[in-house]
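One letter stands for each residue in the lines below.
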Amino acid sequence: MKKQLVISVMSKDRPGIVADITGTILDLNGDLADLNQSVLGGYFTMILIAEFDDSITPEDVIAKFSHIESETRIEANIKELTIPLETLKNELPKETFVVTGQGENRKGLVKIMGDFFNERNINILDLVTTLDRKLYTMIFQVDLSCIDSVADLRDELASIAEQEQLDLVLQHNDIFRATHEIGTPFDQDMRE
Amino acid sequence: MLRSDQIMATVEMIQKENLDVRTVTMGINLLDCRRDSVKDTCDKVEKKIAEKASMFVETCNKVSMKYGVPVVNKRISVTPASFVGAGFRRNDFVALAKSLDRAAETAEVDILGGFSAQVEKGLTDTDKEFIASIPRALEETERLCASINVGSSQKGINMDAVAMMGKTIKELSERTADNGGFGAAKFVVFCNQPGDNPFMAGAIHGVEEAEVVLNVGVSGPGVIARSLEKTIKKRGRKNLKLDDIAEEIKQITFRVTRCGELIGRQVSQELGVEFGVIDLSLAPTPKVGDSVGEILQILGVDEVGAPGSTAILALLNDAVKKGGIFASKAVGGLSGAFIPVMEDAVLAEAVGKGALTLEKLEAMTCVCSVGLDMVPIPGDVDAATISAIIADEMALGMINQKTTAARLIPVPGKTVGEMVSFGGLFGASPIMQVLNVGKSERFISWGGRIPAPIHSFKN
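Source: prediction; values computed, not measured. (Residues numbered from 1 in each chain as written. Chains lettered and ligands numbered in written order. Predicted model: local features only at pLDDT ≥ 70, side-chain atom pairs only at ≥ 80, totals over all residues. Heavy atoms only, no water.)

**Points about the overall build of chain A**
For clarity, the threshold we go by: Where helices and strands are cited, they refer to DSSP runs of H or I of at least four residues and of E of at least two residues respectively, numbered from the N terminus. Just to be clear, the radius of gyration here is over C-alpha atoms, and the globule rule we use is 2.2 Å times residues to the power 0.38. Note on classification: 1.4 Å probe, protein chains only; a residue is buried when its accessible area is under 20% of the maximum for its type, exposed when over 50%, partly exposed between these limits. Only heavy atoms enter the contact rule, under which two residues are in contact if any of them lie within 4.5 Å. Where accessible areas are quoted, they stem from the Shrake-Rupley method and a 1.4 Å probe; at the residue level, only the protein chains shown are allowed to cover. Charge convention: Lys and Arg are scored as positive, Asp and Glu as negative, and His as well as the terminal groups of each chain are ignored. Here the site of a charge means NZ on Lys, CZ on Arg, CG on Asp, or CD on Glu.
A count of helices and strands for chain A gives seven helices and eight strands. Relative to a compact globule of 192 residues, whose C-alpha radius of gyration would be 16 Å, chain A shows 20 Å and is clearly more extended. The principal-axis extent of the C-alpha atoms belonging to chain A is close to 55 × 45 × 35 Å. Expressed as a percentage of its 192 residues, the buried residues of chain A come to 38%. Considering only intrachain contacts with a sequence separation of at least 6, the fraction spanning at least 24 residues in chain A is 70%. Total accessible area computed for chain A in this model is approximately 11100 Å², and 48% of it derives from carbon and sulfur atoms. Distance between charge centroids for chain A: 5 Å, based on 18 positive and 35 negative side chains.

Take a look at the structure:
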């Protein structure tokens with residue numbers, strides 16, 4: 001029997017950290033599946049899925065991580081994956097849109113948008129925010145499958161933008177694919 | 001994974017640099033509308049356009065709202081009317097013109113193109129009746145545009161037709177004298193007219209086209225101008241060479257084209273209509289900041305028309321094509337920079353200052369599309385001189401195997417330097433000087449044809 005573990009790791013970034021973490025997983029005879037990593041403010045974070053023999057427990061993995069020498073301790077969180085990985089690998093929903101928001105930095109900006117989406121049952125698929133001097137930029141990738149009228153949503157965004165002094169723009173995700181990728185989103189649509 | 005710099009660059013292009021889809025044009029075949037009587041034919045034409053275009057504007061608006069990219073103009077082009085009304089007399093063609101005008105109104109499009117004929121090699125009896133109908137047809141309709149193809153690189157130039165064009169333009173202008181000769185702004189003469197051009201006044205649904213097709217004209221020059229200004233500011237003028245500028249234009253055109261094709265294909269999919277082509281033309285509007293002339297100024301001439309203008313335009317035109325052709329699955333139409341004097345505020349200003357002359361404009365049309373476009377000239381310029389200007393422009397197209405056109409507007413009662421304004425997208429400009437008026441009569445009175453050019457020894 002095999003089991004799949006979802007492992008999230010955080011530590012101060014340094015050369016060799018990916019080698020150390022993946023080396024540990026290999027030592028435990030783990031097989032890597034999906035992995036995502038990011039570095040923010042000098043801190044390294046990684047979330048990955050790996051398959052292990054049934055006898056390996058989350059505690060074994062954490063114990064092994066503790067042997068990695070690093071400026072800060074490797075912090076890890078581990079959960080066992082109960083849903084088969086394949087069913088999680090859906091394409092982006094057809095009605096994936098991007099909402100960008102910019103405004104002068106202050107507390108609670110992401111919360112304002114989070115509430116806005118939550119009130120409308122809109123799922124946030126991806127989120128990136130940056131602070132550049134006083135300008136705060138938020139980019140939400142959202143699933144609007146549950147929205148009846150994009151026109152109405154635009155009006156609602158316009159009114160919250162005015163209320164909160166934010167520059168909010170809603171664009172379909174395909175616009176970004178069309179302008180940033182070599183392949184074209186319309187080819188994919190045609191095949192469907 | 002979201003890349004914030006790329007996302008914000010695209011958002012800026014759409015929001016701040018006014019990226020839009022300039023036009024979505026539905027081409028409709030009308031060849032099957034011919035009936036025994038003029039009335040039945042006209043009825044069938046109206047019915048067919050109403051049926052095919054019933055959801056057109058609504059769908060464009062819906063897709064535009066969904067994607068957050070404005071579709072500025074929704075237009076219709078039809079099979080050249082001279083084919084649809086073969087055997088009609090001039091009054092019959094006027095009736096057909098009115099039907100087309102009503103059909104455009106019903107479909108809620110502002111312009112319908114295709115009141116047209118193709119006479120590059122010879123004139124049929126129908127063609128002669130059709131051409132005779134044009135002044136009245138355009139005087140008595142609002143939304144209709146007319147065009148005549150008088151030359152091609154394969155067939156040469158039909159100089160009998162060219163002679164008729166001067167007279168037609170004069171009559172059009174005189175019939176609409178109360179409105180500055182506006183009738184002539186809805187009429188364009190072509191060499192190598194494409195059958196899939198979505199831009200007016202020269203859009204037709206060519207006889208080689210499918211039953212119904214959607215062609216898309218992408219955004220205007222404003223996006224390129226703003227993007228170049230930004231790049232020059234960011235990287236510093238000293239650190240840029242012209243090949244960097246060309247590369248920047250290519251990249252921005254790639255993005256603009258992709259947006260246009262995405263919208264166009266979505267509209268065509270929703271309507272169940274074949275997608276035709278993306279036309280990469282940079283079409284200016286009289287709006288400040290949406291000018292091809294401004295790009296020439298950004299790239300280094302203080303006034304449009306100054307030496308260097310032709311070379312810059314060549315660079316611009318070519319870079320736009322290179323970026324757009326890679327971006328799109330199907331490029332067609334005119335696909336080049338337009339320099340319509342009245343529709344481009346910076347060009348009009350250059351005319352007023354005497355920097356841009358008709359002769360320089362003609363030279364510039366050698367390296368871009370579409371020709372001497374929206375050029376207001378004094379009302380007293382004679383028909384033969386107008387025909388001769390057209391002949392010169394047609395010769396450029398014929399020899400260089402490209403589309404050229406002439407949309408000359410003699411403004412009744414006005415002369416060089418006086419302003420003429422048609423408002424809206426048609427714009428305004430001081431009237432351009434025409435040198436050597438009245439000195440081409442003997443040439444135009446020959447008639448006959450300028451034979452097709454040799455297609456080898458191209459030096």
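Anyway, onward from the coordinates.
**Looking at the sheet that holds strand E2 (residues 31-40) of chain A**
Sheet strands line up and pair through hydrogen bonds in the backbone, either parallel or antiparallel. Residue and element names in this part refer to chain A. Operational definition: DSSP-based pairing: two strands are paired if at least 2 bridges between them are found. Helix axes are fitted to C-alpha atoms over the stretch in contact, other axes to C-alpha atoms as well, and angles between N-to-C directions run from 0 to 180 degrees.
What the four strands build is an open sheet, ordered E2-E3-E1-E4; its pairing is antiparallel. This sheet does not close on itself; its edge strands, each paired only once, are E2 and strand E4 (75-80). Across the sheet, the mean angle from the axis of one strand to that of its neighbour is 15 degrees, orientation sign disregarded. Bridge analysis of strand E1 (residues 2-12) against strand E3 (residues 43-53) gives eleven bridges, and the strand direction is antiparallel. Bridging across to E3, Leu-5 finds its partner in Ala-50.

**Some details on helix H11 (residues 309-327) of chain B**
All names here are of chain B. Rules: By definition here, a helix of n residues has an expected span of 1.5 Å times n minus one.
Under the 1.5 Å per step criterion, the end-to-end length of H11 is 27 Å for 19 residues, consistent within 8% with the ideal 27 Å. Turning to H11, its buried residues number three or more, namely Ser-309, Thr-310, Ile-312, Leu-313, Leu-316, Asn-317, Ala-319, Val-320, Gly-323, Gly-324 and Ala-327. Where H11 is buried, its residues contact helix H8 (222-235), helix H9 (242-271), helix H10 (292-298) and helix H13 (358-364).

**With respect to the packing of helix H3 (residues 56-67) of chain B against H9 of chain B**
The angle between the axes and the distance between the axes are what describe a pair of packed helices. Residue and element names in this part refer to chain B. What counts is decided by this rule: Roughly parallel refers to an angle under 35 degrees, roughly antiparallel to one over 145, roughly perpendicular to one between 65 and 115, and oblique to any angle outside these ranges. Crossings are classed by handedness, with left-handed meaning an anticlockwise turn of the near helix from the far one by less than a right angle and right-handed meaning a clockwise turn. Residues were grouped as follows: Ala, Val, Leu, Ile, Met, Phe, Trp, Tyr, Cys and Pro as nonpolar; Asp, Glu, Lys and Arg as charged; and all remaining residues, including Gly, as polar.
Direction vectors running N to C along H3 and H9 enclose 130 degrees, while the axes themselves pass 9 Å from each other. Considered as vectors, H3 and H9 are oriented oblique to each other. H3 and H9 meet at a crossing whose hand is right-handed. Contacts between H3 and H9 involve Phe-56, Thr-59, Cys-60, Lys-62, Val-63, Lys-66 and Tyr-67 on the former and, on the latter, Leu-262, Ile-263, Gln-266, Val-267, Glu-270 and Leu-271. Among the residues forming the contact of H3 with H9, the class breakdown is eight nonpolar, two polar and three charged.

**Observations regarding the sheet that holds strand E8 (residues 167-172) of chain A**
All names here are of chain A. Pairing is antiparallel across the open sheet formed by four strands, whose spatial order is E6-E7-E5-E8. In the strand order of this sheet, the two ends are held by strand E6 (123-132) and E8, each with one partner. Each adjacent strand pair in this sheet contributes to an overall mean axis angle of 15 degrees, direction not counted. Sheet topology note: the strand E5 (residues 96-104)/strand E7 (residues 135-143) ladder contains nine bridges and is antiparallel. Directly across from Val-98, in E7, lies its bridge partner Gln-141. Across the sheet, helix H5 (residues 150-164) is in contact with E5 and E8; its angle to E8 comes to roughly 160 degrees.

**Considerations on the interface of chain A and chain B**
Selection criterion: Note on definitions: salt bridges are taken to be side-chain nitrogens of Lys or Arg within 4 Å of carboxyl oxygens of Asp or Glu. Pairs of N or O atoms within 3.5 Å make up the polar contacts considered here, provided that, within protein, one atom can donate a hydrogen while the other can accept it, and that residues adjacent in sequence are counted only when both atoms are side-chain atoms.
Tallying the contact residues gives 34 residues for chain A and 28 residues for chain B. Residue Lys-66 of chain B pairs with Glu-95 of chain A through a salt bridge whose shortest N-O separation is 3.5 Å. Where chain A packs against chain B, one counts nine residue pairs in polar contact (both at pLDDT 80 or more). Sorting elements by how many residues they give to the side of chain A that touches chain B places helix H6 (residues 173-180) of chain A first, with six residues.

**Details of the pattern of salt bridges**
The full count for this structure, using the stated rule, is 33 salt bridges over all chains. A salt bridge links Lys-2 of chain A to Asp-53 of chain A; the nearest nitrogen and oxygen atoms lie 2.9 Å apart. Here Lys-2 of chain A, found in strand E1, pairs with Asp-53 of chain A, found in strand E3; they are 51 residues apart in sequence, far enough to count as distant. For Asp-53 of chain A, a relative accessible area of 27% gives the class partly exposed. Close ionic contact of Asp-20 of chain B with Arg-22 of chain B constitutes a salt bridge, the shortest N to O distance being 3.3 Å. Each of the two residues, Asp-20 of chain B as well as Arg-22 of chain B, counts as buried. Ionic contacts of the salt-bridge type, sharing partners, join the residues Glu-119, Arg-120 and Glu-156 of chain A into one network.

**Quick word on the environment of Gln-4 of chain A**
If you trace the backbone, Gln-4 of chain A turns up in strand E1. Residues Gln-4 of chain A and Gly-16 of chain A, twelve residues apart in the sequence, show an inter-C-alpha distance of 25 Å.

**So, the domain arrangement of chain A**
Here is the rule: An automatic or database domain assignment supplies the residue ranges for each domain.
In terms of domain boundaries, chain A breaks down into domain 1 (2-88) and domain 2 (96-191). In this structure, domain 1 of chain A and domain 2 of chain A have C-alpha centres spaced 31 Å apart.

**What about a nonpolar patch on the surface?**
Counted only if it meets this: Like charges within 9 Å and nonpolar side chains (Val, Leu, Ile, Met, Phe, Trp, Tyr) within 5 Å are joined into patches, using only residues over 30% in relative accessible area that form no salt bridge.
A surface patch of nonpolar side chains, amounting to about 240 Å² of accessible area, comprises Leu-31, Phe-83 and Val-207 of chain B. Structurally, Leu-31 of chain B is set in the loop between strand E1 (21-28) and helix H2 (38-52).

**Considerations on helix H6 (residues 125-139) of chain B**
Residues and elements named next belong to chain B. Put simply, the rule is: Bend at a given residue is defined as the angle between two axes, one fitted to the seven residues that end at that position and one fitted to the seven that begin there.
Remark: the principal bend of H6, roughly 40 degrees, maps to Ser-133, with a proline, Pro-135, within the next four residues. For H6, the full list of buried residues reads Thr-126, Asp-127, Glu-129, Phe-130, Ile-131, Ser-133, Ile-134, Pro-135, Ala-137 and Leu-138. Where H6 is buried, its residues touch helix H4 (81-84), helix H5 (90-106), strand E3 (112-118), strand E4 (144-152), helix H7 (159-175) and strand E6 (187-191).

**A look at unusual backbone geometry**
Going from Met-200 of chain B to Ala-201 of chain B, the amide bond is cis rather than trans, its omega being 15 degrees. Tracing the backbone shows Ala-201 of chain B in the loop between E6 and strand E7 (212-217). Its identity as a non-glycine residue notwithstanding, Arg-133 of chain A has a phi of 50 degrees, on the positive side. Locating Arg-133 of chain A in the fold gives a position in the loop between E6 and E7. In this structure Arg-133 of chain A comes out as exposed when scored by relative accessible area, which is 75%. For Gln-165 of chain A, which is not glycine, the phi dihedral falls at a positive 55 degrees.

**A closer look at the side chain of Arg-22 of chain B**
Residue and element names in this part refer to chain B. Here Arg-22 shows up in strand E1. Among the polar contacts listed, one links the side chain of Arg-22 to the side chain of Asp-290, at a separation of 3.2 Å. Not counting residues within four places of it along the chain, the set of residues in contact with Arg-22 comprises Val-72, Asn-73, Phe-199, Gly-217, Val-218, Ser-219, Gly-220, Ala-283, Pro-284, Thr-285 and Asp-290.

**Re the confidence of the model for chain A**
Interpreting fine coordinate detail is not advised for predicted regions of low pLDDT. To be explicit about the condition: A score between 0 and 100, pLDDT records how confident the predictor is in each residue.
When pLDDT is averaged along chain A, the result is 90; 93% of the residues meet or exceed 70. Mean pLDDT per element in chain A: helix H7 (residues 185-191) of chain A is the minimum at 57, and helix H4 (residues 109-119) of chain A is the maximum at 96.

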